[in-house]
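# Examination of the molecular architecture
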Amino acid sequence: MNTSLESLYSTCSMQSETAPLLQNGQHACSPLLTSGTRTLQPQVSPQQKVQRSQPVHILAVRRLQEEDQQFRTSSLPAIPNPFPELCGARSSPVLSPGSLPPSQSTAKQDVKVFSEDGTCKVVEILADMTARDLCQLLVYKTHCVDDHSWTLVEHHPHLGLERCLEDHELVVQVECTMPSESKFLFRKNYAKYEFFKNPMNFFPEQMVTWCQQSNGSIPQTQLLQEPRHLQLLADLEDSNIFSLIAGKKQYSAPTDHGFCIKPNKVRNETKELRLLCAEDEQSKTCWMTAFRLLKCGMLLYQNFRIPQQRKALVSPFSTPVRSVSENSLVAMDFSGQTGRVIENPAEAQSAALEEGHAWRKRSTRMNILGSQSPLHPSTLSTVIHRTQHWFHGRISREESHRIIKQQGLVDGLFLLRDSQSNPKAFVLTLCHHQKIKNFQILPCEDDGQMFFSLDDGNTKFSDLIQLVDFYQLNKGVLPCKLKHHCIRVAL
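Structural notes, computed from the coordinates. Only a predicted model underlies this, so the values are computations on that prediction, with no experimental measurement involved.

## Comments concerning the sheet that holds strand β13 (residues 435-446)
The strand order across the open sheet formed by six strands is β15-β14-β13-β12-β11-β16, and the pairing between neighbours is mixed. With partners counted over all chains shown, the strands left at the sheet margins are β15 (460-461) and β16 (484-485), one partner each. Examined bridge by bridge, β13 and strand β14 (residues 449-453) share five bridges and lie antiparallel to one another. What sits directly across from P443, in β14, is F452.

## Looking at the nonpolar core
Buried together is how nonpolar side chains tend to be arranged in soluble globular proteins. V113, I125, L134, W150, L152, F184 and F186 are the most contacted members of the largest nonpolar core, which totals 23 residues. Those elements that place two or more of their residues in this core are β1 (108-114), β2 (120-126), α5 (131-142), β3 (150-156), α6 (171-176) and β5 (183-188). With five residues, the single largest contributor to this core is α5. Discounting chain neighbours no more than four positions away, the residues touching F184 are V111, K112, V113, F114, L152, V153, E154, L165, V171, V174, E175 and M178. W390, L430, F452 and L464 belong to the second largest nonpolar core, which has 20 residues in total.

## Quick notes on the side chain of Q407
Relative to the elements of secondary structure, Q407 occurs in the loop between α14 (397-406) and β11 (413-418). Overall, the relative accessible area of 2% leaves Q407 in the buried class. Polar contacts involving the side chain of Q407 include one to the main-chain carbonyl oxygen of I487, which spans 3.0 Å. Sequence-distant contacts of Q407, that is, excluding residues within four places in its chain, are made with R187, K188, N189, Y190, A191, L413, H485, C486 and I487.

## Concerning the sheet that holds strand β4 (residues 161-164)
Taken in spatial order, the eight strands line up as β2-β1-β5-β3-β4-β6-β7-β8 in an open sheet, and their pairing is mixed. Every interior strand has two partners, whereas the edge strands, β2 and β8 (274-277), have only one. Strand-to-strand, the axes of this sheet are offset by a mean angle of 35°, without reference to chain direction. Sheet topology places β3 next to β5; six bridges connect them, and they run antiparallel. Following the sheet pairing, L152 is matched in β5 by F186.

## Quick notes on the environment of N264
Positionally, N264 belongs in the loop between β7 (258-263) and β8. A C-alpha to C-alpha distance of 8.4 Å links N264 and M178, two positions 86 residues apart in sequence. For N264, the residues in contact, after removing those within four places along its chain, are T177, D238, S239 and N240.

## Focus on the side chain of S462
Within the secondary structure, S462 sits in the loop between β15 and α15 (464-473). Within polar-contact distance, the side chain of S462 engages the side chain of Q466 at 2.7 Å.

## Some thoughts on α5
End to end, α5 covers 16 Å across twelve residues, agreeing with the expected 16 Å (1.5 Å per residue, within 8%). Taken residue by residue, α5 has A131, R132, L134, C135, L138, V139 and T142 as its buried positions. The buried residues of α5 occupy an angular sector of 160° when projected down its axis, which confines them to one face.

## Things to note about the packing of aromatic side chains
What the rule picks out here adds up to eleven aromatic pairs. Between W150 and F186, the aromatic rings sit 4.6 Å apart at their centres with planes inclined by 10°, giving stacked as the arrangement. Of this pair, W150 sits in strand β3 while F186 sits in strand β5; the two residues are 36 residues apart in sequence, bridging distant segments of the chain. Across this residue pair, the class does not change: W150 and F186 are buried.

## Describing the layout of surface pockets
It is the rolling of a water-molecule-sized probe over the atoms that shows where space remains empty. Approximately 1200 Å³ is the volume attributed to the largest pocket. Considering the residues around the largest pocket, the lining is formed by 44 residues, among which E162, S243, K284, K405 and Q406 are closest to the centre. Among the elements of the structure, β3, β4, β5, β6 (239-244), α9 (247-251), α10 (281-296) and α14 are those that each provide at least two residues to the lining of the largest pocket. By residue number, the principal contributor to the lining of the largest pocket is α10, which donates nine residues.

## As for unusual backbone geometry
Notably, H148 is not glycine yet its phi reads approximately 60°, a positive angle. Within the secondary structure layout, H148 lies in the loop between α5 and β3. A positive phi angle, near 60°, is found at Q434, a position not held by glycine. By the element assignment, Q434 lies in the loop between β12 (426-432) and β13. Here Q434 falls in the buried class, since its relative accessible area comes to 8%.

## Some remarks on the pattern of salt bridges
Any two side chains of opposite charge can pair, given that their charged atoms come close. The full count for this structure, using the stated rule, is 13 salt bridges. Among the salt bridges present, the one from D147 reaches K188, with a minimum N-O distance of 2.6 Å. Taken together, the residues span a long stretch of sequence, with D147 in the loop between α5 and β3 and K188 in strand β5 at a distance of 41 residues. We classify K188 as buried; its relative accessible area is 4%.

What counts, and at which threshold
- Residues numbered from 1 in each chain as written.
- Predicted model: local features only at pLDDT ≥ 70, side-chain atom pairs only at ≥ 80, totals over all residues.
- Heavy atoms only, no water.
- Pairing = 2+ DSSP bridges.
- Helix = DSSP H or I, 4+ residues; strand = E, 2+ residues; numbered from the N terminus.
- Core = buried A, V, L, I, M, F, W, Y, C linked by side-chain atoms within 4.5 Å.
- Buried < 20%, exposed > 50% of the residue type's maximum accessible area, 1.4 Å probe, protein only.
- Contact = heavy atoms within 4.5 Å.
- Polar contact = N/O pair within 3.5 Å; in protein donor to acceptor, adjacent residues only side chain to side chain.
- Axes fitted to C-alpha atoms, helices over the stretch in contact; angles between N-to-C directions.
- Expected span 1.5 Å × (residues − 1).
- Arc of directions from axis to C-beta.
- Phe/Tyr/Trp six-rings, centres within 6.5 Å; stacked < 30°, edge-to-face > 60°.
- 1 Å grid on protein atoms, 1.4 Å probe; cavity = no way out; pocket = protein on both sides within 12 Å on 5 of 7 lines; lining within 4 Å.
- Points joined across faces, edges and corners; volume = space filled by probe spheres on them.
- Salt bridge = Lys/Arg side-chain N within 4 Å of Asp/Glu carboxyl O.

Now the structure itself:
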């Protein structure tokens, strides 16, 4: 009897592990147990009941699974919700497209950028790329020095207008307002934020003096509240200020210092342009800077501070530099050693001449293969400067002035060119106090050797590279040191 009961109990236990659950959560019994007049219920311990227990399906889960099948679509793959228990009775455990976070725009667009020599490059940019980001990308692609003075120029040849884009402007938005014949130019602009450094050169003296008295410091923020009367000329929110390329010829302007307020909706029409003209270049720069300050406000100052903040993050340690007084000169050591400071100008000029003689004796002109160059030293000194960015070849006086104006009227901006009056001479074009001056570089001969000089032979140099290097460290007879050189980059 006991043996038969144990065999029946083992059979029931084996079937209970695989038997399906009924709707009430109980196991379906075997026909062997249900046959007869009564059911055998063996006595088992509580521990054995726990071991035989199985997970019970919840009806709510089944209902959610049925709703899951109803909400699935063939076009959009279902995304399972990792927390279905948080769903309400009317919500689905599958994430709908509206519940997902909005995806960021990854639209790309091709933009064509031109250089001053007519070459162009097509760049693929994102829709949210700013003018500063595009300039840094072009600097990287052209292997230029990133001194944060590069800018993107909006050029309209049909209207004779151009302007420099602000660093925070979106390139794609600006391109949408440009007609088909307009284009972007990649150019230097050293005066982009110069008014924050030297406001006296850009604004009337009484304005700067009043701001300093009221603020007690450099008027970087006070100047932003000055030119509010410009709002009477145009809607500044939907307009931009441009320089006239040829105001006298195209618009019969009384002077060459014209500028224009152009609404963004204007394409090729000239009826809605607000044409203005200043008496001199300083007044024109003052008005255009005032318009930028009124339109952009503190964004300009933030753009000005960004390169300085990045530089502080990249190089937290700075090397102390010995300051040199304005009256002292630096005698350059052309052998590669550090220059020494000499307070006496005459002594410095003599030392520079001696260093130049010593450098010529030590140096041997070598070509790329390591053999002695076939060019004579005197011949090489007359052509070696043509490889430098600051030399612009045979251009006219007017063209050199136009390049200086385009790249910013800041102190120390210069270029060298061939002289039109003397085929053996050269001309140094220099900007000082927003005025452009020209200095002739004449050749002179001493002991059978050819030299170049700016001061009638008092300071001589074997080539123009030495001359430029010297005046970058010493003012000499010039009104200021050579600081920035005009450059044209081929894209």
